Amino acid sequence: MCCSSLPRISRFRFARSDSMASVYSGAGEGRYGTVPIRGEVEFGLQYNYKAAQFEINIKHCRDLAAADPKRNRSDPYVKVYLLPDKSKAGKRKTRVKKHTMNPIFDEVLKYSLPLEELNSRTLWLSVWHSDMFGRNNFLGEVQLPLENKIFDDPSPKLYPLQERIEPLDDMCVSNKGEIIVGLKCVPPDPNSKKRTKGTFFLLVKDAKNLQAIKSNGSSDPFCKSYLLPDKGRSSKQKTNVARKTCNPNWNQTLTYRDVSPDELAERSLELTVWDHDRLGSNEFLGGVRLSLGSGMCDGKPVDWMDSNEKETALWQRMLDRPNFWVEGCLTLRPSLELASKN
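Bear in mind that the values here come from a model prediction, so they are computed numbers and not experimental data. (Residues numbered from 1 in each chain as written. Predicted model: local features only at pLDDT ≥ 70, side-chain atom pairs only at ≥ 80, totals over all residues. Heavy atoms only, no water.)

A. Region of the structure containing the side chain of E270. Relative to the helices and strands, E270 is located in strand β15 (residues 268-275). Side-chain polar atoms of E270 contact the side chain of K231, separated by 3.2 Å. Of the polar contacts made by the side chain of E270, one reaches the side chain of R289; its length is 2.9 Å. (Helix = DSSP H or I, 4+ residues; strand = E, 2+ residues; numbered from the N terminus. Polar contact = N/O pair within 3.5 Å; in protein donor to acceptor, adjacent residues only side chain to side chain.)

Okay, structure coming up:
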């Protein structure tokens, strides 16, 4: 069956998403490699159980490199992210200390998030020279994985500043988390008096390690699905919004009726995850497309039949096992070119 013969497929116009714009702006605000890396930074880590806050106590730096070698001085400050979040909301900074290579900060940078979410985070602490008239200069960094870390000793410790790790930006942009889904296609019952082509069931179970969008270090995620090429109201379905979490547990079943297994072989299930914003536009968190990945429909190339190997394998397993649930854990893509904002 080709796409031109699919029933009740509404004509539509794809809209390119601009929701990814500015997600990472502000994360790479300076210049690397212009100043030699040396020195140390002292900071302590603790989890405030009463306030449900992760606290980074930035004490001081010593023996930093001089961003202004003629005057033998720098204007340093410390910047922190909890990777993989590199959004503006996820950035914390100290004040700038003028004309010193041994700045004393004594500042506490705080993130409001559950303790268990720290297991999926990496502390990225970097030191910068503030340039009022140009781009800031990188003075070194420390990366500290927080998985299984016990915060029983808040006393500050010295860490040597390191050169920038080159794969950092790629890692953060591409790491959008995972989604776990179940799929089942049910062919029509030949003994039923009702005329139906069959039913497709989508179980949206949960997601892991989503990007934190909110200033409290979490997101309000929901999942949206379409059976492409139909992007009409009849195809659009959503889960509930999970509040204040980067590891949502939806466990909701979405149902598409009157669709046959043969038709599913020619269609693509687009799943996108979004952060819900009550006052503004929802923020795209990642997505997948499940299909046979042929790239073609009705003998013509189409963008939405672009499933990768793992997505295609799960879709094929569903088609091979009618009436049975199949389940898979899929890595969310950092962007879906045709994903919409609504």
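And the narrative resumes.
B. View of helix α3 (residues 309-320). Between its first and last C-alpha atoms α3 spans 16 Å; for 12 residues at 1.5 Å apiece the expected length is 16 Å, and the two agree. Buried within α3 we find E311, T312, L314, W315, M318 and L319. Around the axis of α3, the buried residues are gathered within 165° of arc, so they sit on the same side. For α3, the exposed residues lying more than 90 degrees away from the buried face are E309, K310 and D320. The backbone nitrogen of K310 has a side-chain oxygen 3.2 Å away, supplied by the residue at the start of α3, namely N308. (Expected span 1.5 Å × (residues − 1). Buried < 20%, exposed > 50% of the residue type's maximum accessible area, 1.4 Å probe, protein only. Arc of directions from axis to C-beta.)

C. Local environment of the sheet that holds strand β13 (residues 237-238). The 4 strands are arranged β13-β12-β15-β16 in an open sheet whose pairing can be described as antiparallel. Looking along the sheet, the strands with just one partner apiece sit at the ends: β13 and β16 (283-290). Along the sheet face, α3 touches β12 (221-228), β15 and β16 and points at about 55° away from the line of β16. (Pairing = 2+ DSSP bridges. Contact = heavy atoms within 4.5 Å. Axes fitted to C-alpha atoms, helices over the stretch in contact; angles between N-to-C directions.)

D. Here's a closer look at the sheet that holds strand β10 (residues 178-186). Spatially, 4 strands are ordered β14-β11-β10-β19 in an open sheet, and the strand pairing comes out antiparallel. Edge positions in the open sheet fall to β14 (249-257) and β19 (326-331), since each of these has one partner strand only. Neighbour to neighbour, the strand axes of the sheet diverge by 20° on average, direction disregarded. Summarising the sheet, β10 and strand β11 (residues 199-208) pair through 9 bridges and their orientation is antiparallel.

E. Structural detail: the pattern of salt bridges. All told, the structure shown has 15 salt bridges when counted by the stated rule. Of the charged contacts in the structure, one is a salt bridge between R243 and D220, with a shortest N-O distance of 3.6 Å. Pair noted here: R243 is in the loop between β13 and β14 and D220 is in the loop between β11 and β12, with a separation of 23 residues, a long-range link. Classification of R243 as partly exposed rests on a relative accessible area of 41%. Taking relative accessible area as the criterion, D220 reaches 10% and is therefore assigned buried. Residues joined by salt bridges that share partners form a network here, namely K231, E270, R289, D306, E311 and R333. (Salt bridge = Lys/Arg side-chain N within 4 Å of Asp/Glu carboxyl O.)

F. Structural view of the environment of A65. Its place among the elements puts A65 in the loop between β3 (53-62) and β4 (76-83). Each C-alpha atom, one on A65 and one on H129, is 9.5 Å from the other, the two residues being 64 residues apart in sequence.

G. Quick peek at the pairing of β15. Burial analysis of β15 places 8 of its 8 residues in the buried class, the great majority of the element. Residues S268, E270, T272 and W274 point to one face of β15 and L269, L271, V273 and D275 to the other, with burial holding for every one of them. In the sheet, β12 pairs with β15 via 8 bridges, with the strands oriented antiparallel. From the neighbouring strand, L227 faces β15, where its bridge partner is L269.

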